Amino acid sequence: MRLFLTYVLIVVCGISFAQEKQYASYFDVNYFKGNISLHNNDILHLIQGHPEGVILSWNKKTFGFKDWEQRYNYPDYGVSFAYQDLKNEVLGNNYSLYAHYNFYFFNRNLMMRVGQGLAYTTNPYHKEDNYRNIAFGTRLMSSTYVMLNYKKERIFGRFGLQGGMSLIHYSNANVKAPNTSINTMTLNLGVTYSLEDSDPEYQDTLADDDRRFTEPIKYNFAFRTGYNESDIINSGQFAMYIVSAYADKRINRKSALQFGTDVFFSNFLKEYINYKSVAFDEEDVSGEEDHKRIGVFAGHELFMNRTSLVTQLGYYVYYPFDFEGRTYVRVGMKRYFNDKWFAALTLKSHGFKAEAVELGIGLRL
């Protein structure tokens, strides 16, 4: 009995050790300094000095024990915390929390990180106390950052170095006006620290014909919602509803092409039309224009395990009222619960001008 228990203990420890060695993790700290990009002349008065800050990240490595990890060259994923001093009392300071992926190129010497999360600003717009801050209309915003680094791990024991450039974007996606947003272009220098003595070996077990993949055309139906406000400050926040139907065709294991239609019920636009009809007689707006819009779009979906990245370019075929132009863009993430049902978080914009964040649920048949 004692011999049996000893054997079981050895097996359990061996399994646990093997599971622990399937993954490794590391921390990195990056200091950055740069400039606010002038994407809108209205924010010229907000650009002062050179914003700086720090990004702290925990990263979990992958080594190909799942097929999707091999297809994407063994990416990392993790969480980041960022602090940024925008060098302007009007803008204040920003604190952000992100989920991110690291993708590798050129023998894993070049790392591209994409992070998406939420930011908190210390000094948002206030009509009396801070009326000059037209960039941030709310304390809580969405934030995206992209980092491109040359990277070398384990140069000095567990320590490594990395350096490159980053783009950091803050916006509340017109949830509340004003919202001109801020983009910061920076240079960054960082240190990495590996939490394990060594990394497991990368797996290369995909079949030679792994890229060959066929699937019939799938039909998708999605419902999205959210709320937003026009650029007129204090004009009110209103719910919006979008109904979408589209077909997609997988062209390989990573990608699918899409084509479909959206119907937009944007209630903020109804209020905006009424405002225009009263305040701007010279624009010939009667106030009776339909606020609904119908668009057709083509898109691409990039699959990573049960998560996918969606990009769509649309054109309004029913466009009774002119608002920000007839073309629109949608980008965001989808998460599949199973082979049919999915949830989505997307941003709809007209060029660089965000209209709304959309929370959706859908069915793929």
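All figures in this text were calculated on a predicted structure; none of them were measured in a lab.

A.B. asks: Report on the side chain of Thr184, specifying residues and quantitative values.
C.D. replies: Within the fold, Thr184 resides in strand 8 (residues 182–194). Within the local environment of Thr184, its side chain forms a polar contact with the side chain of Gln84, the two groups lying 3.0 Å apart. For Thr184, the residues in contact, after removing those within four places along its chain, are Asn35, Ile36, Pro51, Gln84, Leu86, Ser166, Leu167 and Ile168.

A.B. asks: Describe the pattern of salt bridges, listing the residues and the values that go with them.
C.D. replies: For the structure shown, the criterion picks out 22 salt bridges. For Lys87, the salt bridge identified is with Glu52, shortest N-O distance 2.9 Å. A residue pair is termed long-range when its members are at least 10 positions apart, and Lys87 in the loop between strand 3 (76–85) and strand 4 (93–105) and Glu52 in strand 2 (residues 52–60) qualify at 35 residues. Judged by its relative accessible area of 31%, Lys87 falls in the partly exposed class. When the shortest N-O distance is used, the salt bridge between Glu358 and Arg330 registers 2.8 Å. Taken together, the residues span a long stretch of sequence, with Glu358 in strand 16 (residues 353–364) and Arg330 in strand 14 (residues 327–336) at a distance of 28 residues. With respect to class, Glu358 is no different from Arg330; both count as buried. Residues participating in the shared-partner salt-bridge network are Lys61, Asp76, Lys151, Glu153, Arg154 and Asp199.

A.B. asks: Provide a residue-level description of the nonpolar core, including the pertinent values.
C.D. replies: Grouped burial of nonpolar side chains is what soluble globular proteins tend to show. Leu46, Leu91, Phe136, Tyr170 and Ile182 are the most contacted members of the largest nonpolar core, which has 23 residues in total. In contact with Tyr170, not counting residues within four places along its chain, are Gln84, Asn94, Ser96, Tyr98, Ala119, Phe136, Met141, Ser142, Ser143, Ser181 and Ile182. Residues Tyr246, Phe264, Phe303 and Ala356 belong to the second largest nonpolar core, which totals 14 residues.

A.B. asks: Provide a residue-level description of the confidence of the model for the protein chain, including the pertinent values.
C.D. replies: Model confidence for the protein chain is summarised by a mean pLDDT of 91, while 94% of its residues fall at 70 or above. Of all the helices and strands in the protein chain, helix 1 (residues 2–21) carries the lowest mean pLDDT, 40, while strand 2 carries the highest, 98. Of the regions scoring below 50 in pLDDT, residues 1–20 engages in 0 contacts with residues more than four places distant in sequence or in other chains.

A.B. asks: Run through the sheet that holds strand 14, naming residues and quoting values.
C.D. replies: Spatial ordering of the closed barrel is given by 9-10-11-12-13-14-15-16, a layout of 8 strands whose pairing is antiparallel. Direction aside, neighbouring strands of the sheet carry axes that sit 25° apart on average. As judged from the 11 bridges shared by strand 12 (residues 293–304) and strand 13 (residues 307–318), these two strands associate in the antiparallel manner. Across the sheet, Phe297 pairs through a bridge with Gly314, a residue of strand 13.

Rules used in this analysis
Residues numbered from 1 in each chain as written. Predicted model: local features only at pLDDT ≥ 70, side-chain atom pairs only at ≥ 80, totals over all residues. Heavy atoms only, no water. Helix = DSSP H or I, 4+ residues; strand = E, 2+ residues; numbered from the N terminus. Polar contact = N/O pair within 3.5 Å; in protein donor to acceptor, adjacent residues only side chain to side chain. Contact = heavy atoms within 4.5 Å. Salt bridge = Lys/Arg side-chain N within 4 Å of Asp/Glu carboxyl O. Buried < 20%, exposed > 50% of the residue type's maximum accessible area, 1.4 Å probe, protein only. Core = buried A, V, L, I, M, F, W, Y, C linked by side-chain atoms within 4.5 Å. pLDDT = per-residue confidence, 0-100. Pairing = 2+ DSSP bridges. Axes fitted to C-alpha atoms, helices over the stretch in contact; angles between N-to-C directions.

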